[in-house]
Amino acid sequence: MSDATIATPLTALVGVRHPIVQTGMGWVAGPRLVSAAAHAGALGILASATMDVDRLRSAVREVRSRTDAPFGVNLRADAGDAAERVRIIIDEGVKVASFALAPSRELIARLKDAGVVVIPSIGARRHAEKVAAWGADAVLVQGGEGGGHTGGVATTVLLPQVVDAVDIPVIAAGGFHDGRGLVAALSYGAAGVAMGTRFLLTSDSTVPEAVKARYLAAAVGDVTVTTKVDGLPHRMLRTELVDALERSGRTASLLRAVRHAAAFRRESGMSWPRMVRDGLAMKHGKELTWSQVLLAANTPMMLKASMVDGRTDLGVMASGQVAGLIDDLPSCAELVDRIMAEATTALRALPRPH
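Below: a short report on this structure. (Residues numbered from 1 in each chain as written. Predicted model: local features only at pLDDT ≥ 70, side-chain atom pairs only at ≥ 80, totals over all residues. Heavy atoms only, no water.)

### Quick notes on helix 16 (residues 332-349)
Stated formally: Counting from the N terminus, the helices are DSSP H or I runs at least four residues long and the strands are E runs at least two residues long. Multiplying 1.5 Å by the residue count of a helix minus one yields the expected span of that helix. Think of it in three bands: with a 1.4 Å probe and only protein chains considered, a residue is buried below 20% of the maximum accessible area for its type, exposed above 50%, and partly exposed in between. Note: the arc covers the axis-to-C-beta directions of the helix. We call two residues in contact when some of their heavy atoms are within 4.5 Å.
Here helix 16 contains 18 residues, and its C-alpha end-to-end distance of 26 Å stays within 8% of the 26 Å for a straight helix at 1.5 Å per residue. Taken residue by residue, helix 16 has Cys332, Leu335, Val336, Ile339, Met340, Ala343 and Ala346 as its buried positions. For helix 16, the angular spread of the buried residues around the axis is 125 degrees, confining them to a single face. Across helix 16 from its buried face, at more than 90 degrees, point the exposed residues Thr345, Arg348 and Ala349. Elements in contact with the buried residues of helix 16: strand 1 (20-22), helix 2 (31-39), helix 8 (179-188), strand 9 (192-195) and helix 9 (197-200).

Dropping the structure here:
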């Protein structure tokens, strides 16, 4: 365990040793990875969107049985059972609630009243301003380099915008994998960095080894953005399947979405009415067509095919561009120690003002 530490508003806010966050990746950020990241001194985030509520409670308890370090749970604020999931977070004493979509003012207040730290993920300055005004404790800002659903503004442009706009800690995501990146983010005014792809590519990740090998073999140019999975920009590894999806027509896409919606309903324990209500929630306030709402079922099931089943011929592999810079599979402890040592070295090497 590294003796190198850098105290920031993030470490003070959530009680972790290092200003590093392991993001809540569906099918990837389960109890084993989260507890390993937390035990290493980072903030591990459990992904709950692909779990039913009973599995979520048992997963939280499993993390707690593996480590007494702080950790968080990521959830969808617009899910039909969001209130029930929030109750689990509160009941189980989870330290952090993170959100892929902005939670309501009321949801933030409920969590904060229970002593839970609220950290929404945002992709634009105005979204950060909104959740900060509603009482969020910090924000995680992801630039376009990041994996999964992403925007078009690079981290180096988006991050300083958000840092200047809000008075709460800002966590930088998108393009980070080492100590140099941590120092760069801190120099922009961030309170820490969040990493998904880098933690996916660890020995503690449960992603099948053959799938990890595909990531390790990728160059920066092998990571692309497509809208063919669910109608929204999604950054992932380019594969033969992704190329085929890019060539597929509207009818084939919708037929695939219907099959995946049925599979996700079985996997998540949702009823069809619940899925329709969640679809309505997704549409509300967004410029989404009904086709895009239906296509959203593609994301969890096509990720599961790769991340759980190892079927890269049937599934997609969400990835940040940084995959092209990663060539090893350290444990979470080794990774965090290395990042902190690199950050310390980078700080010492900076020219001193005269």
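### Things to note about helix 5 (residues 105-113)
When we look at burial in helix 5, the residues that qualify are Leu107, Ile108 and Leu111. Relative to the axis of helix 5, the buried residues are bounded by an arc of 100 degrees and lie together on one face. Those residues of helix 5 that are exposed and aimed more than 90 degrees away from the buried face are Glu106 and Asp113. Looking at the buried positions of helix 5, the neighbouring elements they touch are helix 4 (82-91), strand 4 (96-99), strand 5 (117-122) and helix 6 (125-133). Gly115 lies just past helix 5 and shows a positive phi near 85 degrees.

### So, the environment of Val141
Turning to its location among the elements, Val141 is positioned in strand 6 (residues 139-142). Residue Val141 is classed as buried on the basis of its relative accessible area, which comes to 2%. Here the alpha-carbon distance between Val141 and His127, two residues 14 residues apart in the chain, equals 9.7 Å.

### Overview of the pattern of salt bridges
How we decide: Think of a salt bridge as a Lys or Arg side-chain nitrogen and an Asp or Glu carboxyl oxygen that are within 4 Å of each other.
The full count for this structure, using the stated rule, is 14 salt bridges. We note a salt bridge from Asp81 to Arg85, for which the minimum N-O separation is 3.0 Å. Overall, the relative accessible area of 11% leaves Asp81 in the buried class. Close ionic contact of Asp309 with Lys304 constitutes a salt bridge, the shortest N to O distance being 3.6 Å.

Without other data, these values stay purely geometric and don't point to any function.
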